[in-house]
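Structure assessment
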Amino acid sequence: MRKLAALVLAAVLLCGCDDSRRINAFVENNDIRLQVGSTVNFRYDPLECQLAFSRDRREFRAQTDNTSDYYSIVFSEIPSQHGQHVSADLTWTTPTDILTRDNLSLEVVRIEGDMVWLWSSSGRIGVSIKLLE
């Protein structure tokens, strides 16, 4: 029984370290992007993309000029402080589908100027946004 408990504790600790590495790798990048696991599903390129932000609707959107690829996130409240927890509805495109995660729990893991990086540990999803005014 003690061996089982030790194995479970080791597995929990290893998972925690893995999540910390993912978060650190995510916040070290300054791009506006959506990342699911280790895959970057969308990266903003100012030559081919557009950004939109509505404080009233608590919504951020990044999309290609022809809207073929995008991610859109609607927050329960505007993220504004490091460590803040918010929920959001997230929609994004993949090469073959449009995916949605409703009521996604996100933590603000970095803020720098008008840029905000958010991470969902449960979904292993990272979203970086720019608060346009």
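Everything below is about the structure shown above.
Counting of residues starts from 1 at the beginning of each chain's written sequence and follows it residue by residue. Only residues with pLDDT of at least 70 get local features here, since the model is predicted, and only at 80 or more are side-chain atom pairs given and counted; chain-wide, interface and lining totals rely on the full set of residues. To obtain the side-chain values, all non-hydrogen atoms of the structure were included, while hydrogens and water were left out.

**Here's the deal with the packing of aromatic side chains**
Convention followed: Only Phe, Tyr and Trp rings are paired, with Trp represented by its six-membered ring, and only when their centres lie within 6.5 Å; those with planes under 30 degrees apart are stacked, over 60 edge-to-face, the remainder tilted. Runs of H or I in DSSP of at least four residues are treated as helices and runs of E of at least two as strands, each being numbered from the N terminus. Exposure categories follow from relative accessible area, calculated using a 1.4 Å probe and restricted to protein chains: below 20% of the type maximum is buried, above 50% is exposed, and the middle band is partly exposed.
Enumeration over the complete set of coordinates arrives at 3 aromatic pairs. Between F26 and W119 the ring centres are 5.6 Å apart and the planes differ by 50°, which places this aromatic pair in the tilted class. Linking F26 in helix α1 (residues 2-27) with W119 in strand β8 (residues 115-120), this pair joins segments that are 93 residues apart in sequence. The exposure classification of F26 matches that of W119, with both residues buried. Ring geometry for F42 versus Y71: centroids 5.6 Å apart, planes at 70°, classification edge-to-face. You can see F42 sitting in strand β2 (residues 39-43) and its partner Y71 sitting in strand β5 (residues 70-75), a full 29 residues away along the chain.

**Regarding the environment of D89**
Formally: The contact criterion used throughout is that any non-hydrogen atoms of two residues lie within 4.5 Å.
Its place among the elements puts D89 in strand β6 (residues 85-93). In this structure the C-alpha to C-alpha distance between D89 and I73, which are 16 residues apart in sequence, comes to 5.6 Å. Excluding anything up to four places from it in sequence, D89 contacts S72, I73, V74, R101, D102 and N103.

**Quick look at the pattern of salt bridges**
To be explicit about the condition: The rule for a salt bridge is simple: a side-chain nitrogen of Lys or Arg has to be within 4 Å of a carboxyl oxygen of Asp or Glu.
Taken as a whole, this structure holds 4 salt bridges when the rule is applied. When the shortest N-O distance is used, the salt bridge between E133 and R55 registers 2.5 Å. Within this pair, whereas E133 is found in the segment after β9 (125-130), its partner R55 is found in the loop between β3 (49-54) and β4 (59-64), the two being separated by 78 residues in sequence. The exposure class of R55 is partly exposed, given its relative accessible area of 39%. The residue R110 makes a salt bridge to E112 at a minimum N-O spacing of 2.7 Å.

**Considerations on the pairing of β8**
Two faces belong to every sheet, and in a regular strand the side chains alternate between them. The test is simple: DSSP bridges decide pairing: two strands pair if at least two such bridges lie between them.
By the criterion of burial, β8 is predominantly enclosed, with 6 of the 6 residues buried. By the alternation rule, side chains of β8 split into M115, W117 and W119 and V116, L118 and S120, which are all buried. Pairing analysis gives 5 bridges linking strand β7 (residues 98-112) to β8, with the strands arranged antiparallel. Bridging from a neighbouring strand, E107 pairs with W119 of β8. Hairpin connection from β7 to β8: 2 residues lie between these consecutive antiparallel strands, with G113 at a positive phi of about 65°.

**As for the nonpolar core**
The following threshold applies: The nonpolar core is taken to be a set of buried Ala, Val, Leu, Ile, Met, Phe, Trp, Tyr and Cys residues, with the residues joined through side-chain atoms within 4.5 Å.
Counting residues in hydrophobic clusters, the biggest one holds 31 residues, and the most contacted among them are Y71, I73, L90 and I129. Broken down by secondary-structure element, the contributors of at least two residues to this core are α1, β3, β4, β5, β6, β7, β8 and β9. The residues touching I73, leaving out its near neighbours within four places in the chain, are R58, E59, F60, A88, D89, L90, L106, V127 and I129.

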